[in-house]
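# Observations on the model geometry
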Amino acid sequence: MTLTFSSSVHRCLRTARGVRLFTASPPAYYENVVVSQPDPAVALITLNRPNALNALNVAHFNDISSALKEADQDSAIGAMVITGSDKAFAAGADIKEMKDKTFAEAYMSNFLANWEVMAKLRKPVIAAVSGYALGGGLELALQADILLAAPSAKLGQPEINLGVIPGGGGTQRLVRLIGKFRTMEMVLTGRIIDAEEAERWGLINRVVREESGVVNAAIKLAKEVASKSRVTVAASKEAVNAASELSLSEGLRLERRLFHGLFATKDQKEGMTAFAEKRKPEWTHS
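This report concerns the structure included in the present document. Predicted, not measured: the structure shown is a model, and the values here were computed from it.

Here the focus is a nonpolar patch on the surface. Taken together, the side chains of Ile 95, Leu 162 and Val 164 define a hydrophobic patch exposed on the protein surface, amounting to about 260 Å² of accessible area. Summarising the element assignment, Val 164 is placed in the loop between β11 (154-156) and α5 (170-178).

And the structure:
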């Protein structure tokens, strides 16, 4: 990683994955993630603990959380992609860090409560999974809004083999995605499924079989999402995510209120006017 400075006020962080532009202040440095910008409106966050197959310890997750929040607050960014290496998206939590914890330590520190950070972001996140996504790694991927997988992906919740259960949302999110019985099978046996089975079960959006790879597919999709009205994208994400927590009548009420509210935006006026005039809309994200 090389930091270079141009003659302008921009500071440019170059990585193997792309280029990130920063205007005003120096870029944040993360020991365990690489942040890049393969498109002006897309942030790419790459997990970077290759010697540990991207196992998630506290320092690693703090870096992931900070990088995601930074991108979410960046007005230039419309969507994010999170990925790992070809061998592992994230092979789970760092067992060496957890093995000696006591109940009191875990309970009083509310251990893993901060793992919900991705689910609370306003902007969409696309997970691009290759290799292992196990335990906490799968739980991290499940918080994304769209999940793409390479043919090499292996997904599972093997915590049963360690004497614990999933603690980062696995039992709850899996039930909502694939139902009770398949979740029970994964959680009670620790069985790891491949990308093809995950696609059949509806655990992922799709398997990316193109030669260009899952990360490029995720970036392309993120660019498409980022090209839309950001106000409308945020409202869409809020409505869809609420469906898993609200009754149907409450969900429909929220959907209508968000729909009605968008008529107060400039982007609604622009979008409908552009449609009537048979031209592309020019969003102001307001």
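With that settled, consider unusual backbone geometry. Phi at Leu 53 takes a positive value of approximately 50°, unusual for a residue other than glycine. Here Leu 53 is to be found in the loop between β5 (42-47) and α1 (58-73). Accessibility expressed as a relative area gives 34% for Leu 53, which makes it partly exposed.

Glancing now at the sheet that holds strand β9 (residues 132-134). In sheet architecture, strand pairing relies on hydrogen bonds along the backbone and comes in two forms, parallel and antiparallel. If you walk across this open sheet you meet the 4 strands as β7-β9-β11-β12, and the pairing is mixed. The open sheet has two free edges, formed respectively by β7 (88-90) and β12 (192-194), since each of these has just one partner strand. Across the sheet, the axes of successive neighbouring strands diverge by a mean angle of 20°, strand direction being ignored. The pairing of β9 with β11 spans 3 bridges and is classified as parallel.

This part covers the packing of aromatic side chains. Note on aromatic pairs: each is described by the distance of the centres and the angle between the planes. If you walk through the whole model with that rule in mind, you get 2 aromatic pairs. Seen from their ring centres, Phe 103 and Tyr 107 are 5.3 Å apart, and the 10° between their planes marks the pair as stacked. Of the two residues, Phe 103 and Tyr 107 both sit in helix α3 (residues 103-108), 4 residues apart, roughly one turn of that helix. Taken as a pair, Phe 103 and Tyr 107 share a single burial class, namely exposed. Centroid distance Phe 259 to Phe 263: 5.2 Å. Interplanar angle 85°. Geometry classified as edge-to-face. Accessibility expressed as a relative area gives 36% for Phe 263, which makes it partly exposed.

In spatial order, the strands read β4-β5-β6-β8-β10-β13; together these 6 strands make up an open sheet with mixed pairing. The open sheet has two edge strands with one neighbour each: β4 (33-39) and β13 (206-207). The pairing of strand β10 (residues 146-149) with β13 spans 2 bridges and is parallel. Its bridge partner lying in β13, Ala 149 is registered against Val 207.

The next thing to look at is the pairing of β4. Burial analysis of β4 places 6 of its 7 residues in the buried class, the great majority of the element. Judged from the 5 bridges that link them, β4 and β5 form a sheet pairing that is antiparallel. Note that in β5 the partner of Val 35 across the bridge is Ile 45.

Procedures and definitions
Residues numbered from 1 in each chain as written. Predicted model: local features only at pLDDT ≥ 70, side-chain atom pairs only at ≥ 80, totals over all residues. Heavy atoms only, no water. Patch = residues over 30% accessible without salt bridge, like charges linked within 9 Å, V, L, I, M, F, W, Y side chains within 5 Å. Areas by Shrake-Rupley, 256 points an atom, 1.4 Å probe, with all protein chains shown as cover. Salt bridge = Lys/Arg side-chain N within 4 Å of Asp/Glu carboxyl O. Helix = DSSP H or I, 4+ residues; strand = E, 2+ residues; numbered from the N terminus. Buried < 20%, exposed > 50% of the residue type's maximum accessible area, 1.4 Å probe, protein only. Pairing = 2+ DSSP bridges. Axes fitted to C-alpha atoms, helices over the stretch in contact; angles between N-to-C directions. Phe/Tyr/Trp six-rings, centres within 6.5 Å; stacked < 30°, edge-to-face > 60°.

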